[in-house]
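Spelled out from the first residue to the last, the chains are:
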Amino acid sequence: MRVPALLVLLFCFRGSAGPSPHFLQQPEDLVVLLGEEARLRCALGAYWGLVQWTKSGLALGGQRDLPGWSRYWISGNAANGQHDLHIRPVELEDEASYECQATQAGLRSRPAQLHVLVPPEVPQVLGGPSVSLIAGVPVNLTCRSRGDARPTPELLWFRDGVRLDGTTFHQILLKEGTPGSVESTLTLTPSSHDDGATLVCRARSQALPAGRDTTITLSLQYPPVVTLSVSPHTVQGGETFTFLCQATAQPPVTGYRWAKGGSPVLGARGPRLEVVADASFLTEPVSCEVSNAVGSANRSTALDVLFGPILQAKPEPVSVDVGEDASFSCAWRGNPLPRVTWTRRGGAQVLGSGATLRLPSVGSEDAGDYVCRAEPGLSGQGGGAAEARLTVNAPPVVTALHSEPAFLRGPARLQCLVFASPAPDAVVWSWDEGFLEAGSRGRFLVETFPAPESRGGQGPGMISVLHISGTQESDFSRSFNCSARNRLGEGGARASLGRRDLLPTVRIVAGVVAATTTLLMVITGVALCCWRHGKASASFSEQKNLMRIPGSSNGCSLRGPEEEETGSREDRGPIVHTDHSDLVLEEEGTLETKDPTNGYYKVRGVSVSLSLGEAPGGGLFLPPPSPIGPPGTPTFYDFNPHLGMVPPCRLYRTRAGYLTTPHPRAFTSYIKPTSFEPPDLAPRTPPFPYAVFPTPSHPRLQTHV
């Protein structure tokens, strides 16, 4: 009771004596970093009594050095009313509510909150400072900061000074419910460009606005990054070109694999591929696949190959009815694209260009073959043509064929040619009193055959034949109609039978017979003349009239049988025996003449010593030159002009070496000479071996047979 009373008395005294105690400065809330110094200011006016500080209601004491609180003290000039509270170094336990109290005056300042900030420590990145990643594989990078920082720090990711987005932040709570460490996760899908990149994880808070950084380096493992090039890029078909496959990889490349159009290229293992260009490279790309321990990658490219047109799809045959539209299509491939034109076979007019030809409202005249043509390329290679037939379905086209004229009451035949698409249902022959489609009827018979050739686009052809047996007069004056029909209509043609008279034929036959008879008579006459002349020129008896000719060639010996057997007269000269000749050849070489006609005829004796041989052309070789002939006389005498026959050696040879006459009386034609004298022979001239045929002095000639 005493102390309060004193305070009241003091207050009253002061009120009467002067200004009352008051706060000149009250403490403010303060934020201090852990470990630094905190200063809470307090100033009183008109007060000289005891001043003390409380911490969360607990009095720290009235002395200036605050015994028991080693890190706490009060500073300032007490006479001036300065009573500041210092805390150094600030610890987490210093965080509380502080008041400055003027105890004797009963004054209390407003509470001042002291906040102790704990700056974050350097964050840690799991797996750092060098993080190994695989390109293309998503990965989470985790940055962690310890949980005793106040306030909870913020974790940020930077690359090259640029903040990265896509992070996830979360805080780990301790069992007591107090905050633990914090983590930030960065989701990243690295690529080959991230190899060696530097990432920064920064932990910052109010306690440390600049933050603290941790740096990591990305060590990237990635499958090969492939670059495929070709040189030259544009080539002609048949030229050689080279593909080059370049790759960067971590770890290094372990192998190459080449493919064309999806099929492996056998034998290709390295980074280079050399091939010969063809059209397939334009549509079948070449690919290069490169592998390492992490994976593989490939690149492909198509080659620009220049080649001439190649036919890919032929035009198909088309069949349409008259008046309908028709179209053809064909496909050509080439680089550059070929120019395609359409024409009609046999014509030069271009009907269209491009892959399709359209023909509106076709008629029968449009039927035929149409040609799709592609011009050769720049290299001059390729190109060509393909054709297809347009068949226009129309009524049959019937044409009467030429028929041979017929004899009255003889056989006859009429023909017609039918073209139709579709094929005709029937071909009918009709005449005055009837008609016939197939088979026979009376004197008429119908046969049908396929035509050997067909007209382009008019369908297959057929030939219908009407046979008539035993023609009558009326058949030559009437008309025969050949008609055919199909689903589109009917067509026909008229044919007539021509008549052939018998008289011209008889004349022809008679002329042939007469000519043949005349020819036979001429041949017979010539043969008789030749036979008679030959008979008159050479007539030898079969045995007696033999000519012995020593030295005859080719085995043509003319020795008689008696001479052959005895051989006693081989050394004698040749002898000619005749029945009606008295020519005797003496051994001494003298010649006796005996006229069997008693002077009516003069017969010139001839010494005949022949050595005959066959000469070319039927002559008889005479060995030495004639002593009486003029110079240049040939060594053989040609009997053919005189005898009109082949050499006797050939004609009468019955046995080897003999000449026989066909009649016992030979050489019976005589020529009357004007004179007969033996020739003058030179010294040592051999016996005269010639049969001399002198020129007759007059043409008188008689023949005895």
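Owing to the predicted nature of the structure, the values given are computational and were not obtained by experimental measurement.

Basis of the calculations
For every chain, the first residue of its written sequence is number 1, and the numbers climb from 1 along that sequence. In keeping with the model being predicted, local features are shown solely for residues with a pLDDT of at least 70 and side-chain atom pairs are shown and tallied solely at 80 or more, while totals for entire chains, interfaces and linings include all residues. Hydrogens and water molecules were not included; the side-chain quantities draw on all heavy atoms of the structure. In this text, helices come from DSSP runs of H or I with a minimum length of four residues, and strands from runs of E with a minimum of two, each type numbered from the N-terminal end. Think of it in three bands: residues with accessible area under 20% of the maximum for their type are buried, residues over 50% are exposed, and the middle band is partly exposed, with areas taken using a 1.4 Å probe on protein chains only. Every accessible area reported is derived by Shrake-Rupley at a probe size of 1.4 Å, with residue values counting cover from the shown protein chains alone. Definition of nonpolar core: a set of buried residues of the types Ala, Val, Leu, Ile, Met, Phe, Trp, Tyr and Cys, connected through side-chain atoms within 4.5 Å. Every residue pair with non-hydrogen atoms within 4.5 Å of one another is taken to be in contact. Strand pairing follows a simple DSSP-based rule, namely that at least 2 bridges must link the two strands. In this analysis, axes come from line fits to C-alpha atoms, helices being fitted only over the stretch in contact, and the angle between any two N-to-C directions falls in the range 0 to 180 degrees. Definition of a polar contact: a pair of N or O atoms within 3.5 Å, with one able to donate and the other able to accept a hydrogen when the atoms are protein atoms, and with sequence-neighbouring residues admitted only if both atoms are side-chain atoms. When two cysteine sulfur atoms are found within 2.5 Å, that pair is recorded as a disulfide. Pairing of aromatic rings covers Phe, Tyr and Trp, the last counted by its six-membered ring, and requires centre-to-centre distances within 6.5 Å; plane angles under 30 degrees mean stacked, over 60 mean edge-to-face, and any other angle means tilted. Lysine NZ or arginine CZ positioned within 6 Å of the ring centre and within 35 degrees of the ring normal marks a charge as sitting over the ring. Salt bridges are identified by distance alone: a Lys or Arg side-chain nitrogen within 4 Å of an Asp or Glu carboxyl oxygen. Known as pLDDT, the predictor's per-residue confidence is scaled from 0 to 100.

Peer 1: Help me get a handle on the overall build of the protein chain, residues and values and all.
Peer 2: Assigned secondary structure in the protein chain consists of seven helices and 48 strands. For the protein chain, with 705 residues in total, the buried portion stands at 36%. Within the structure as shown, the protein chain displays about 39,800 Å² of accessible surface, and the carbon and sulfur contribution to it stands at 55%.

Peer 1: Hey, could you go over the nonpolar core for me, with residue numbers and the actual values?
Peer 2: By size, the foremost hydrophobic cluster in this structure holds 23 residues, and its most contacted members are Trp53, Tyr72, Leu85, Ile87 and Tyr98. Going through the elements one at a time, strand S3 (38-40), strand S5 (51-55), strand S7 (72-75), strand S8 (84-87), strand S9 (97-102) and strand S11 (112-117) are the ones with two or more residues in this core. Setting aside residues up to four positions removed in sequence, Leu85 forms contacts with Ala38, Arg39, Leu40, Trp53, Leu60, Leu66, Tyr72, Trp73, Ile74 and Tyr98.

Peer 1: Lay out the sheet that holds strand S39 (residues 434-436) with the relevant residues and their values.
Peer 2: Spatial strand order, S39-S38-S43-S44: four strands in an open sheet with antiparallel pairing. The strands lining the two open edges of the sheet, one partner per strand, are S39 and strand S44 (489-496). Ignoring which end each strand starts from, the neighbouring axes of this sheet average 25 degrees apart. Pairing of strand S43 (residues 479-486) with S44 involves eight bridges; the strand directions are antiparallel. Paired with Ala484 across the two strands is Gly491, which belongs to S44.

Peer 1: Got a sec to walk through the side chain of Asn335? Specific residues and values, please.
Peer 2: The topology assignment puts Asn335 in strand S31 (residues 331-335). Asn335 gets classed as buried once you look at its relative accessible area, which sits at 15%. Polar contacts involving the side chain of Asn335 include one to the side chain of Asp304, which spans 2.7 Å.

Peer 1: Any chance you could break down the state of the cysteines for me, citing the residues and the numbers?
Peer 2: Applying the stated criterion to the full structure yields five disulfides. Note that Cys42 is cross-linked by a disulfide to Cys100, the S-S spacing being 2.0 Å. Judged by the sign of its S-S torsion, about -75 degrees, the bond between Cys42 and Cys100 is left-handed. Placement of Cys42 in the loop between S3 and strand S4 (43-45) and of Cys100 in strand S9 is noted, with a sequence separation of 58 residues between them. Exposure class is identical for Cys42 and Cys100. Each is buried.

Peer 1: I'd like a description of the packing of aromatic side chains, backed by residues and values.
Peer 2: All chains considered together, the criterion is met by nine aromatic pairs. With a centroid separation of 5.2 Å and an interplanar angle of 65 degrees, the aromatic rings of Trp69 and Tyr72 are classed as edge-to-face. Feature note: the residues Phe241, Phe243, Trp258 and Phe281 constitute an aromatic cluster, connected by ring pairs. Taking NZ or CZ as reference, Lys260 lies 4.7 Å from the ring centre of Phe281, over its face.

Peer 1: Which residues make up the sheet that holds S8, and what values go with them?
Peer 2: Neighbouring strands of a sheet are bound in pairs by backbone hydrogen bonds; such pairs are parallel or else antiparallel. Pairing is antiparallel across the open sheet formed by three strands, whose spatial order is S3-S8-S7. Whereas interior strands pair on both sides, the edge strands pair on one side only; in this sheet they are S3 and S7. Each strand of the sheet is rotated relative to its neighbour by a mean of 25 degrees, with strand direction disregarded. Two strands pair when backbone bridges link them, and S7 and S8 are joined in this way by four bridges, in the antiparallel orientation. Looking across to S8, one finds that Ile74 is bridged to Leu85.

Peer 1: Lay out the pattern of salt bridges in plain terms, naming residues and giving numbers.
Peer 2: All chains considered together, the criterion is met by 26 salt bridges. With a closest N to O distance of 2.7 Å, Asp475 and Arg478 form a salt bridge. For the pair Asp475 and Arg478, one class covers both residues: buried. Connected through salt bridges with shared partners, the residues Lys55, Arg71, Glu91, Glu93 and Asp94 form a single ionic network.

Peer 1: If you had to explain the confidence of the model for the protein chain to someone new, which residues and values would you point to?
Peer 2: Averaged over the protein chain, the pLDDT score is 74; the fraction of residues at 70 or greater is 69%. Highest mean pLDDT in the protein chain belongs to strand S30 (residues 326-329) (94); lowest belongs to strand S45 (residues 584-585) (36). Across residues 1-16 the pLDDT falls below 50, and counting only partners more than four positions away or on other chains, this stretch makes seven contacts in the model. This model gives residues 540-705 a pLDDT under 50, and the stretch forms 256 contacts once residues within four places in sequence are excluded.

Peer 1: Tell me what's going on with the pairing of strand S19 (residues 198-205), and back it up with residues and numbers.
Peer 2: Examined bridge by bridge, strand S15 (residues 154-159) and S19 share six bridges and lie antiparallel to one another. Bridged to Phe158 within S19 is Val200. Bridge analysis of S19 against strand S20 (residues 208-231) gives seven bridges, and the strand direction is antiparallel. Each bridged residue has a counterpart across the sheet, and for Cys201 the counterpart in S20 is Thr214. Hairpin connection between S19 and S20: a loop of two residues separates the two successive antiparallel strands.

Peer 1: So, the side chain of Asn486: which residues are in play, and what are the values?
Peer 2: Structurally, the position occupied by Asn486 is in strand S43. Its relative accessible area of 7% is what places Asn486 among the buried residues. Filtering out sequence-adjacent residues up to four positions away, Asn486 remains in contact with Ala394, Pro395, Pro396, Ala420, Ser421, Pro422, Ala423, Pro424 and Asp425.

Peer 1: How would you explain unusual backbone geometry if you had to name every residue and give the values?
Peer 2: Omega for the peptide link from Gly128 to Pro129 comes to 5 degrees, which places this bond in the cis form. Along the chain, the position of Pro129 falls in the loop between strand S12 (124-125) and strand S13 (130-134). The residue after Gln250, namely Pro251, is reached through a cis peptide bond having omega 0 degrees. Along the chain, Pro251 falls in the loop between strand S22 (240-250) and strand S23 (255-260). A positive phi angle, close to 60 degrees, is found at Ala46, a residue other than glycine. If you trace the backbone, Ala46 turns up in the loop between S4 and S5. A relative accessible area of 18% means that Ala46 is categorised as buried. The phi dihedral of Asp160 is positive, around 55 degrees, even though this residue is not glycine. Checked against the element boundaries, Asp160 lands in the loop between S15 and strand S16 (162-163).

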